[in-house]
Amino acid sequence: MPRQDAAVSPGTPQPDRPTVAQSAPSAPGSAAPTPPAVCVGESMAVLLPDRPGPLESVETFSLSVGGAESNVAGALTALGVPSAWISRVGDDGFGRRLLGELTARGVDVSAVAVDPHRPTGLYLKEVGGSTGQRHDLGPGRSRLHYHRRGSAAAALSPALLADPAATRLLDGARLLHLSGITAALSDDCLALIRALLADRRPGRLVSFDLNWRPALWRERDPSVLPPLLDAADLLLLGADEAETAFGTGDPQELRRRFPSPATVVVKDAARLVTAIGRDGSAVGEPALAVEVVEATGAGDAFAAGYLAGTVRGLDQRRRLRLGHLSAACALTAHGDQAELPPAAVVAALLDAAPEDWAATRVSADGIVSPVLSAPTTPARTTETTAPGGGAADPRPAAAPALGAP
C-alpha cells in the first residue's frame, strides 16, 4: 500500500511531496534482491469496451491498466526475468489499481511515487468489429484515446536519480528499458531520459523502444529523438513508425542512421523482424501466422520476449522467435497482457526447424505446430497443474548471464 502524507489543515498549500508505493516486506535481517530488469515510464488506467464497434455504441466499459514500460515489465516477469517498474501515479483509485495489478503480476513497484496533486493518466480503447456502423474500425483493429495531459507520470524528472528506492533498483539493474513515450511527456521527462542514457554502467544493457506516438509529438520537437535512440545499447523500431518519424523503415538504412547501438531490431509488422549488428550482420526471422483478436500490446510483448531472450543469453534467432511468440500470444488476447504457453512448448518452438516454425499457427484456441503433439493453449502459472497436483511454472528459468545485445 502507498505511504500516505500526514494530514494537514484544509486550504493549506502543500509542496509536491509524493509518497512511495511499498512492496511486501522482506524477511527480518534480509535485503530484498533487486530485479535484473528495470523499466521506466508512464502507465495508465484503461477503459475496455464491452463490445466491438465505435465508442458511441458502447454501453459499458471495464477497468484495466496498460502502458508500454509496465507491459514490458509484466511480460518479462512472466518470462522468468524478475522486473521492476519505476514511475509516478496519482493518489487515486486508478493509481491504486495500477499498483495492485502490477504487484499481482510479480512486478516490483517499490520505487513508484504516489503524487498527491496530479492524477493517474487514463485511456479508452476502441475495438473494431463487423458492426457495419460508419465509424467501425474493422475486425482486428483498435484505437486508443488518451487523457494523460498533466498526469503524475509527466512530472518524472532527473530528481528520480536521487530517490533511494529508485537508486537501489537502478544500481542493481542489468537491463534498463526505456521508450520514446516518456521523452514526449514533458521537458522534465525528456531530461530524465537523457540522464538515464548518460549514466552508463558496466554490465548494464540499456534498451530503447521508439514507441512513436504522433499525438504526443504534435506540440513537441521530435528532433530530440535520434540522439536518444543512438545512445542506447539495443534499439527497437517498428518499420512503419520509423517511416513516419524518420522517413525510412528500411532496416539497413536505419542501422546506418543509428550507428552506436550494438544491435538495431526492426519490426516489419506481421512479416519479418531483423536484428542488425554494428558490423552490418543481419538475422531475420519471419513472424508466426496469427489469428488476431486485438493488436494492442503486441509490440510491448515482442520487446519483452526479445529482451528475455537477451537476458537468458539465447542466440539472435531464438531471441527473435521468443519475441514473435510473445507477440503472437498478445495478438490473440484482449487487453495488453498475454498469457504464455508452458516452458516445454516455448523450448520446442524456439528449436523448431524453419519449415516447422513457418507452419506454426497461433489463435485464441491455442498453438498448432508440427513440433507439438497436440494443440497447446497458453496458461497462467496459477492455472497450470504439474504431475501430482502441484502448480507448474510455465515460465522459462532465468539465465545467469546477460547475452550480448
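Below or above, wherever it landed, is the structure these notes cover. Counting from 1, residues in each chain are numbered in the order their sequence is written. Confidence filtering applies because this is a predicted model: local features only for residues at pLDDT of at least 70, side-chain atom pairs given and counted only at 80 or more, and all residues used for totals across whole chains, interfaces and linings. Heavy atoms throughout the structure, all of them, feed into the side-chain values; hydrogens and water do not.

Some points on the nonpolar core
Soluble, globular proteins show a tendency: their nonpolar side chains are buried together. Of all hydrophobic cores here, the largest spans 51 residues; its most connected members are L76, W85, V265, F302 and Y306. For this core, the elements supplying multiple residues, two or more each, are β2 (37-40), α1 (68-78), α2 (93-104), β12 (234-238), β14 (272-277), α10 (298-311), α11 (316-331) and α12 (343-350). The way it works is that DSSP assigns letters per residue, a run of H or I at least four long becomes a helix, a run of E at least two long becomes a strand, and they are numbered from the N terminus. Among the elements that make up this core, the one with the highest residue count is α10 (eight residues). Throughout this description, the term nonpolar core refers to a set of buried Ala, Val, Leu, Ile, Met, Phe, Trp, Tyr and Cys residues connected via side-chain atoms within 4.5 Å. The buried label goes to any residue with under 20% of its type's maximum accessible area, the exposed label to any with over 50%, and the partly exposed label to all in between, with areas taken from a 1.4 Å probe on protein chains only. Of all hydrophobic cores here, the second largest spans 45 residues; its members include A111, L169, L170 and L225.

So, the sheet that holds strand β10 (residues 175-179)
For two strands to be treated as a pair, DSSP must find no fewer than two bridges joining them. Taken together, eight strands build an open sheet; the order of strands is β5-β2-β10-β11-β12-β13-β14-β15 and the sheet is mixed. The sheet terminates laterally at β5 (83-86) and β15 (282-286), the two strands that pair on one side only. The mean inter-strand angle of the sheet, taken between neighbouring strand axes irrespective of direction, is 15°. Examined bridge by bridge, β2 and β5 share four bridges and lie parallel to one another. Residue pairing for β5: A37 is matched across the bridge by S83. The axes are straight lines fitted to the C-alpha atoms, using for helices just the contacting stretch, and the angles between their N-to-C directions are given from 0 to 180°.

Here's the deal with the environment of F246
In this fold, F246 is placed in helix α8 (residues 239-246). In this structure F246 comes out as buried when scored by relative accessible area, which is 13%. With 21 residues separating them in the primary sequence, F246 and L225 have C-alpha atoms 9.8 Å apart. Not counting the four nearest positions on each side in its chain, F246 is found in contact with L210, P226, L229, L237, L254, R257 and F258. Contact definition: two residues touch when any of their heavy atoms are within 4.5 Å.

Re α11
Each turn of an α-helix holds 3.6 residues, which means side chains three or four residues apart point in the same direction. Helix span, expected: 1.5 Å multiplied by one less than the number of residues in the helix. Here α11 is 16 residues long and its end C-alpha atoms lie 23 Å apart, about the 22 Å a rise of 1.5 Å per residue gives. Its side-chain oxygen 3.2 Å from the backbone nitrogen of R317, D315 forms the N-cap of α11. Distance and chemistry together define a polar contact, namely a pair of N or O atoms within 3.5 Å, with one atom able to donate a hydrogen and the other to accept it when in protein, and with adjacent residues in sequence counting only for side-chain atoms on both sides.

Some details on the pairing of strand β11 (residues 205-209)
When you tally the buried positions in β11, you get five out of five residues, the bulk of the element. Neither face of β11 is open: one carries L205, S207 and D209, the other V206 and F208, and all of them are buried. Relative to β11, β10 is paired through five bridges, and the arrangement is parallel. Looking at the pairing, H177 lines up with S207 of β11. As paired strands, β11 and β12 are joined by three bridges and run parallel to one another. The residue bridging F208 from the neighbouring strand is L235, located in β12.

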